[in-house]
Amino acid sequence: MTVPHDDLAVRAESLACSYDAVPAVVDLSLEVVSGELFAILGPSGCGKTTALRLIAGFERPHAGRLTLFHDVVAAPGVHVPPERRGVGLVFQDYALFPHMNVGENVAYGVGARASDPRVRDALALTGLAGFAERRVHELSGGEQQRVALARALAPRPRLLLLDEPFSNLDPALRARVRAEVRAIVKRAGTTAILVTHDQEEALSIADRVAFMWRGRIEQVGRPNQVYERPATVHAAEFIGDANIYRTAARDGRVMTPWGEYPAPAGQGASVVVVRPEDVELRADGVPGTVEAREYYGHDQLLHVRLDDGTHVRVRVGPRVRTDGDRVALALRAAPTVLAVPPDPADASARPNDPLER
Ligand code: ATP
């Protein structure tokens with residue numbers, strides 16, 4: 001995506017950061033558009049928190065350049081300290097002061113009294129107008145989350161950084177608070193970057209998602225793009241549920257139980273990615289046997305062994321009943337076929353594995 005220069009809130013160019021000899025961020029390049037809610041998604045240890053700390057200014061990159069709203073804030077010989085970057089932060093544990101009430105906690109964010117209009121505005125923005133006198137321990141997890149957000153927004157930052165902000169909430173509350181946080185951030189008109197290892201969270205809340213793996217961004221796109229068209233094997237494996245088949249491309253094609261499909265690399269190690277919801281039961285499909293069923297209420301997952309030995313997970317509606325254990329499977333959409341990068345340390349790079357996970 002090419003972003004007009006005026007609209008850029010964040011531009012990271014090849015940032016690198018190591019702790020002692022441990023590389024945490026290897027080559028971080030990304031662009032965040034002004035007003036956007038941008039998620040960095042990746043597994044534990046991939047460098048997400050370090051990426052946020054670099055943007056906030058708590059870490060200095062060993063290489064690369066970081067520009068916030070046209071100001072270069074980190075580059076060789078340049079380091080603008082955190083307090084001069086205009087960035088607000090919300091942490092996983094909220095870091096609220098238990099001995100202060102809500103108004104005082106939010107006032108702390110602006111270094112002012114609780115009567116300051118910026119505190120009143122931030123409380124109103126987050127739906128906490130009547131809560132100023134309440135003690136933090138009297139609040140629910142979702143309300144505490146909003147206090148943390150109010151405190152970060154009170155100084156009217158140009159950029160808000162959120163580090164796993166929902167992980168302390170129980171699952172029932174999480175979806176609701178997520179939607180609230182998105183609405184508040186959009187109302188405030190602030191650019192925001194959220195980091196999370198929870199793909200559902202990233203896909204449901206963000207305007208765009210960056211998938212991070214071992215210190216690098218592997219793919220950036222709108223939620224449906226990264227889900228429907230994963231660019232790398234890691235993205236396909238990590239984001240959503242997928243049947244992943246390692247195979248070898250020959251003459252630009254890969255062979256699957258459903259026929260041949262074009263492969264991006266002419267030859268060599270490839271993977272075929274089939275989402276369980278892209279498989280359907282169809283009389284003229286490829287025959288197999290149901291080995292197990294997982295019933296979830298809203299849908300069910302069938303584990304099917306095709307007669308050629310390939311294992312396929314199939315997502316079907318809750319009312320689908322199979323006539324005995326014999327079924328036939330067809331694809332609703334062509335699978336995604338990806339070339340496997342030549343990384344000898346990466347287990348997924350082994351060619352010629354059997355066509356199954
Ligand atoms: P998580 O989701 O588990 O919080 P993350 O994706 O946020 O992980 P980081 O916290 O950025 O990842 O860590 C990236 C790598 O850097 C990891 O290997 C981690 O062990 C290492 N690391 C992070 N902080 C430090 C530190 N202060 N000293 C040494 N190593 C560190």
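Each chain has its residues counted from 1, running along the sequence as written. Since the coordinates come from a predicted model, pLDDT governs what is reported: local features require at least 70, and pairs of side-chain atoms require 80 or more to be given and counted, while whole-chain, interface and lining totals use all residues. Side-chain figures throughout are based on the complete set of non-hydrogen atoms in the structure, without hydrogens or water.

### Observations regarding the pairing of strand 2 (residues 22-33)
At least two DSSP bridges between two strands are needed for those strands to be called paired. Under the scheme used here, helices are H or I runs from DSSP no shorter than 4 residues and strands are E runs no shorter than 2 residues, and both carry numbers assigned from the N terminus. Looking at chain direction, strand 1 (residues 8-19) and strand 2 are connected through eight bridges and run antiparallel. Considered in strand 2, the bridge of A12 is made with L30. Taking the residues between adjacent antiparallel strands as the criterion, strand 1 and strand 2 are bridged by two residues, where D20 takes a positive phi near 50°.

### Things to note about the sheet that holds strand 19 (residues 326-331)
In space, the four strands of this open sheet follow the order 18-17-16-19, with antiparallel pairing throughout. Every other strand in the sheet has two partners, leaving strand 18 (311-316) and strand 19 as the edge strands with one partner each. Going across the sheet, the axis of each strand differs from the next one's by a mean of 50°, ignoring polarity. Sheet topology note: the strand 17 (residues 300-306)/strand 18 ladder contains six bridges and is antiparallel. The residue bridging L301 from the neighbouring strand is R315, located in strand 18. Simply put, an axis is a line fit to the C-alpha atoms, just over the touching stretch for a helix, and the angle between two N-to-C directions goes from 0 to 180 degrees.

### Brief notes about the domain arrangement of the protein
Domain annotation of the protein identifies domain 1 (5-86 + 157-228) and domain 2 (241-346). Residue contacts are counted whenever heavy atoms from the two residues lie within 4.5 Å of one another. With four residues of domain 1 at the contact, the number on the domain 2 side is five residues. Taking both partners together, domain 1 and domain 2 bury about 340 Å²; carbon and sulfur atoms supply 19% of that area. Contact with domain 2 buries area across many residues of domain 1, yet R214, Y227 and E228 alone supply 88% of it, more than any other trio. We define a polar contact as two N or O atoms separated by no more than 3.5 Å, with the added condition that, inside protein, one atom must be a possible hydrogen donor and the other a possible acceptor, whereas residues neighbouring each other in sequence contribute only through side-chain atom pairs. For the interface between domain 1 and domain 2, the tally reads two residue pairs in polar contact (both at pLDDT 80 or more). For the side of domain 1 that touches domain 2, the residue count by class is two nonpolar, no polar and two charged. Segmentation into domains, and thus their bounds, comes from an automatic or database assignment. The quantity reported as buried area is the accessible area (1.4 Å probe) lost by two parts once they are put together, taken as the sum for both. When residue character is reported, Ala, Val, Leu, Ile, Met, Phe, Trp, Tyr, Cys and Pro are called nonpolar, Asp, Glu, Lys and Arg charged, and the others, Gly included, polar.

### Notes on the site of the ligand
Near the ligand, the surroundings consist of Y19, A24, P43, S44, G45, C46, G47, K48, T49, T50 and E164. Within the backbone of G47, an N or O atom sits 3.0 Å from an oxygen atom of the ligand. The contact in question runs from an oxygen atom of the ligand to an N or O atom on the side chain of K48, over 2.9 Å. The Shrake-Rupley method, run with a 1.4 Å probe, gives the accessible areas here. Residue values count only the displayed protein chains as cover. In isolation the ligand has 630 Å² of accessible area, and contact with the protein removes 58% of it. Residue composition of the shell around the ligand, grouped by class: four nonpolar, five polar and two charged. Near is defined per residue: the residue qualifies when any heavy atom it owns lies within 4 Å of the molecule or strand.

### Some words on the environment of N101
Within the fold, N101 resides in the loop between strand 7 (87-90) and helix 2 (102-110). Partly exposed residues are those whose accessible area sits between 20% and 50% of the maximum for their type, while under 20% is buried and over 50% is exposed, using a 1.4 Å probe and protein chains only. Owing to a relative accessible area of 8%, N101 belongs among the buried residues under this scheme. Put simply, N101 and V136 are 35 residues apart on the chain and 5.9 Å apart in space, counted from C-alpha to C-alpha. Apart from the residues lying within four places of it in its own chain, the contact partners of N101 are A132, E133, R134 and R135. Here the side chain of N101 touches E104 through a polar contact of 2.8 Å, landing on its backbone nitrogen.

### What about the packing of aromatic side chains?
Ring geometry is summarised as follows: Phe, Tyr and Trp rings, the Trp one being its six-membered ring, pair when their centres sit within 6.5 Å, and such pairs are stacked at plane angles under 30 degrees, edge-to-face over 60 and tilted between the two. Summed over all chains, the structure comprises three aromatic pairs. Ring centres 4.7 Å apart and planes at 70° place the aromatic pair F97 and Y108 in the edge-to-face group. With F97 in the loop between strand 7 and helix 2 and Y108 in helix 2, this pair connects stretches of sequence that are 11 residues apart. For F97, a relative accessible area of 25% corresponds to the partly exposed category. When its relative accessible area of 52% is taken as the criterion, Y108 is described as exposed. Taking 5.8 Å as the distance between ring centres and 35° as the angle between the ring planes, the aromatic pair formed by F211 and F238 counts as tilted. Taken together, the positions of F211 in strand 10 (residues 208-213) and F238 in helix 8 (residues 233-238) put the pair 27 residues apart, joining distant regions of the chain. Given the relative accessible area of 22%, F238 is considered partly exposed. Members of the aromatic cluster, connected to one another through ring pairs, are F211, W213 and F238. Distance and angle both matter: a charge sits over a ring if NZ of Lys or CZ of Arg is within 6 Å of the ring centre and within 35 degrees of the ring normal. Sitting over the ring of Y227, R275 keeps its end group 4.0 Å from the ring centre.

### Thoughts on the environment of L30
Relative to the helices and strands, L30 resides in strand 2. Linking L30 and V220, residues 190 residues apart in sequence, is a C-alpha distance of 8.2 Å. Setting aside anything within four residues of it in sequence, one finds L30 in contact with V10, R11, A12, F38, I40 and I217.

### A few points about the environment of R275
Within the element layout of this structure, R275 appears in the loop between strand 15 (268-274) and strand 16 (279-295). With residues near it in sequence (within four places) discarded, R275 still touches V226, Y227, P230, A236, I239, G240, D241, A242 and N243. For R275, the side chain forms a polar contact with the main-chain oxygen of D241, separated by 3.0 Å.

### Section: the packing of helix 4 (residues 141-153) against helix 5 (residues 171-188)
Where helix 4 contacts helix 5, the axes come no closer than 10 Å and their chain directions differ by 20°. The pairing of helix 4 with helix 5 is recorded here as roughly parallel in orientation. Considering only the axes of helix 4 and helix 5, their crossing is right-handed. Packed against helix 4, whose contacting residues are G141, G142, Q145, R146, L149 and L153, the element helix 5 presents L173, V177, E180, V181, I184 and A188 at the interface. Throughout this description, any angle smaller than 35 degrees is read as roughly parallel, any larger than 145 degrees as roughly antiparallel, any in the 65 to 115 degree range as roughly perpendicular, and the remainder as oblique. Each crossing gets its hand from how the near helix is turned against the far one by less than a right angle, where anticlockwise is left-handed and clockwise is right-handed.

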